[in-house]
Structure formats: C-alpha cells, structure tokens
Amino acid sequence: MKKSLVYIASLSVAVMAAPLTLQEALEMAKSNNSQIKAEKAKVEMAESGQSEAFSRFLPKVSLSAGVTKINDPITIDLSRLQGPLSEVAGAAAYSKAYLSAYNMAYTQAYNDAVKQAMSAGLDEATAKSMVDQRVDEIRSGVMGSNKVNTLAQQAAENYGADASNKINDTDFGMKVQDDVFFNARVTVVWPIFTGLKIYSAYDAAKENVAARKAEFDMAQNTILMDVATKYFTLRLTEELSVMRESTMKNLEGHLERSKKLEEGGQISKAERLRAEVALAEAQNAYEDALRDQSLARMALASLLHTDTSITATTPVEAPDVVHGMEEFKQLAREKHPGLRQLRTERKRSQDAVRAARADWFPTIALFGYRELYTKDLTILEPERAVGAK
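Residues numbered from 1 in each chain as written. Predicted model: local features only at pLDDT ≥ 70, side-chain atom pairs only at ≥ 80, totals over all residues. Heavy atoms only, no water.

## Points about the overall build of the protein chain
Note the threshold: To qualify as a helix, a DSSP run of H or I must reach at least 4 residues; to qualify as a strand, a run of E must reach at least 2; elements of each kind are numbered from the N terminus. The rule is simple: take the accessible area with a 1.4 Å probe, protein chains only, and divide by the maximum for that residue type; under 20% is buried, over 50% is exposed, in between is partly exposed. In what follows, a contact means two residues having at least one pair of non-hydrogen atoms within 4.5 Å. To measure how exposed things are, a 1.4 Å probe is used in the Shrake-Rupley method; for residues, cover is taken only from the protein chains shown.
When helices and strands are tallied, the protein chain shows eleven helices and eight strands. Here the protein chain, with 389 residues, has 27% of them falling under the buried criterion. Expressed as a percentage of contacts within the protein chain between residues at least 6 apart in sequence, the contacts between residues at least 24 apart total 83%. On the protein chain, roughly 25800 Å² of surface is accessible, and the fraction owed to carbon and sulfur atoms is 58%.

## Regarding the pattern of salt bridges
Applied cut-off: When a carboxyl oxygen of Asp or Glu lies within 4 Å of a side-chain nitrogen of Lys or Arg, that pair is called a salt bridge.
In this structure the tally under the stated criterion is 13 salt bridges. Lys69 serves as the salt-bridge partner of Asp179, at 3.9 Å between the closest nitrogen and oxygen. Of this pair, Asp179 sits in the loop between β4 (173–177) and β5 (180–193) while Lys69 is found in strand β2 (residues 60–69), placing the two residues 110 residues apart along the sequence. Its salt-bridge partner being Glu276, residue Arg272 comes within 2.8 Å of it at the nearest N-O pair. Here Arg272 and its partner Glu276 are both found in helix α9 (residues 269–304), four residues apart, which amounts to about one turn of the helix. You can call Arg272 buried: its relative accessible area is 14%. Classification of Glu276 as partly exposed rests on a relative accessible area of 27%. Salt bridges here are not isolated pairs; linked through shared partners, they connect Glu262, Arg272 and Glu276.

## A look at the packing of helix α2 (residues 22–32) against helix α8 (residues 197–263)
Axis angle and axis distance: for two packed helices, these are the angle between their axes and the distance between the axes, and together they describe the pair. This is how it is decided: Whenever a helix is involved, its axis is fitted only over the stretch in contact; in every case the axis is a line through C-alpha atoms, and angles between N-to-C directions fall within 0 to 180 degrees. Roughly parallel means an angle under 35 degrees; roughly antiparallel means over 145; roughly perpendicular covers 65 to 115; every other angle is labelled oblique. By definition, turning the near helix anticlockwise from the far helix through less than a right angle yields a left-handed crossing, and turning it clockwise yields a right-handed one. Under the scheme applied here, ten amino acids are nonpolar (Ala, Val, Leu, Ile, Met, Phe, Trp, Tyr, Cys and Pro), four are charged (Asp, Glu, Lys and Arg), and all others, including Gly, are polar.
In contact at an axis separation of 10 Å, α2 and α8 are set at 140° when each is read in the N-to-C sense. Compared by their axis directions, α2 and α8 come out oblique. Between α2 and α8 lies a crossing whose hand is right-handed. Contacts between α2 and α8 involve Leu22, Ala25, Leu26, Ala29 and Lys30 on the former and, on the latter, Gln220, Leu224, Val227, Ala228, Tyr231 and Phe232. In terms of residue class, the contact of α2 with α8 is made up of nine nonpolar, one polar and one charged.

## Considering the sheet that holds strand β7 (residues 364–371)
Defined as follows: Only when DSSP finds a minimum of two bridges between them are two strands counted as paired.
If you trace the four strands from one edge of the open sheet to the other, you get β2-β5-β7-β8, paired in antiparallel fashion. Each end of this open sheet is capped by a strand with a single partner; those strands are β2 and β8 (384–388). Across the sheet, the mean angle from the axis of one strand to that of its neighbour is 15°, orientation sign disregarded. One ladder, built from eight bridges, connects β5 with β7; its direction is antiparallel. Bridge pairing in β7 places Trp190 opposite Leu366.

## A closer look at the pairing of β7
Looking at chain direction, β7 and β8 are connected through five bridges and run antiparallel. Within β8, the position partnered with Leu366 by the bridge is Ala388.

Next up, the structure:
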C-alpha cells in the first residue's frame, strides 16, 4: 500500500509540475523574496535622504501664518503735546488772520484810489501809475486806521480760537496694534557659506546610498545563492529519482526472469531470493529518492513563495573556466559587497569628521521676506525686507 501511494504521488507531481529554469527561479526570488524587498526599500530610503541633502543647496522657502490675542491693544498717548500744539496753532492762525485782514484792507484802499483817479478823467493805466507812487502813503493810512485794526483784531482772535479748539478736540491717542491681529509671511533663506557643512552632509548621504546598495547586493547574493543551491538540489534529486526508478524497473524484470529460470530448474531458490532482496532495496532507494525530491521541491517553493508544482529543467554543468585561488581573491577584493560596504563606511566617517570641523566656521545666508497680509501691520513693521545674516 505504501509503495502504491509513493508511486501515485510521484506520478501526479510529474504530470502537474511546471518547468522552471534557473534564471526564472532567480527572477522569482528577486521579485517575491521579502528580505530582498526590505533591503531594496532601505536603498530607496537612502536615495530619498540623498535628495533631501541636495535640497539644502537650494533656497528654503517657507510660508507662515498665525493669529494672536494680547491682553490690551497697544496705543501711543500723545496728549502731552496737545496743549503746546494748541498754542502754536492758535498763534499761527492769529498771525495769518491778522495779516490777511490788513492785506484785504490795503487792496480795498488801493482799488478805491485808482477809481478816484479814473473819475477825474484819467485812463486806468495812468491812474494806477499815479496811485503806485502813493503806495507807502496808502499802506500807512491802512495801518493807522482804527477801524481796520479793530476788524483785524477780531478776525485774528476768531481764527486763533478756532484753531486751538480743533487741536483740543482732536484725539491724541494713536492705536499701534489691536488686541487681536493676524499675520501671514513668506520667507526665503539661502545659505551661501556653511564651512562645507552642507557639502559634507550631501557627500555622506551619497556614501550612505552606496553602503545601502552594498548591503542590498550582499543580501540578494546570499538569497540567490540559496536559491541556486536549492534549485540544483531539486535537479539532482529529480535525476536521482529517475535513475532509481530505472534501476527498480530493471530489477523487476530481473526478478521475473529469475522466477522463470527457477521454475525451469536453471537457477536455485537462493539466487531468486537475492533478486527479490535487490528489488526491495531498489524500491526503498526509489522511495527515499522521491521523499528527498519532495523535500527539495518544498524547500525551493518556500524560498520562491510559490506552490510546489515545479520541476527544475536547467542541468548541472561544469564551469567552462576554472579560476585559481589568487584570481578569486582579487575578484573578492574588487566586487565583494561586504568589502565595498566597509570602504563606504570609512568614507562616511571621514565626511562626519569634516562636517564636525565645519562647526568652527561661520554660517552666512541671504534672506528675504514679504508680508502677505498687511492690514494688521504696525507702523514699525515693513512689508518686505532683504538682507544677509
């Protein structure tokens, strides 16, 4: 019964198994293996870090906005200037009104003198010429007139009082900032000298990418080596199963011939028993080969994250060129990802030392900003500014 089950299982696997080449197995491992995916994600993360490090060479643009509530509005009290300004404004208005009244009276007296001369038969030009010769006399008359002095005094007092009242009625409290205000600003900062700190950080980020790629290559090579080992293990177990099956069939035919020869008296019973023993051993060896084949197939399928209906088709071949020990050593020095990672880590350490030394140098950057919301700006805050720091 056990023998029949083994035959049935091996036959069903042989019929349903899909052919798989070594290259196909390696590609499946690259696309399906979780460890390779994890190492690839580390490489992508390092490349993102390199892009971020490169962005530090570029200007940094930031947008900020906020609303603020303070306890009380900010005001400037100028009431102490109100009294002196009222006096100054009143005096200025008084003087201006006084002069204006005298000028009006002089103009009136001048025009009256011209009209009087024209009434005597003179033309307007001759009349104005004669009156111009009496300008000082007319001005003295106006200045000495009590009526004019009274009118000028009244006008000056009225204008001075009005100017003083306007100053006194004006609110001399100036609001600088409301208790609730909003601000929005766009700022640009561009470092132009950092003591090679940015360059060292970018160089370290590049070396980090190289280190992560070396780790990826090392992990991938380890997994692909395991895939190749398990693949050829399956291939060898399949070839061994075919050989064991062929041996078992040959011994089955040998046993049948032995039985016929025993019946004909040509061989002894012992020789026929030896044929049965050889067949039983061949059957056991074939069953062991099938079990090894099944285990090898499951191991490969588990590594490739696929089902077990696969069969290896790439044969095991001897290498065309055999290298010596020194050649292998040289290849390892040049291409082994572990050694490449060590070299990269050494460069990263050198970059870290250089970045630390950059802290001794000053950092110079250009900056500029512009207020996007200017309604709540105080008189002391500009709308835009540029500079260096």
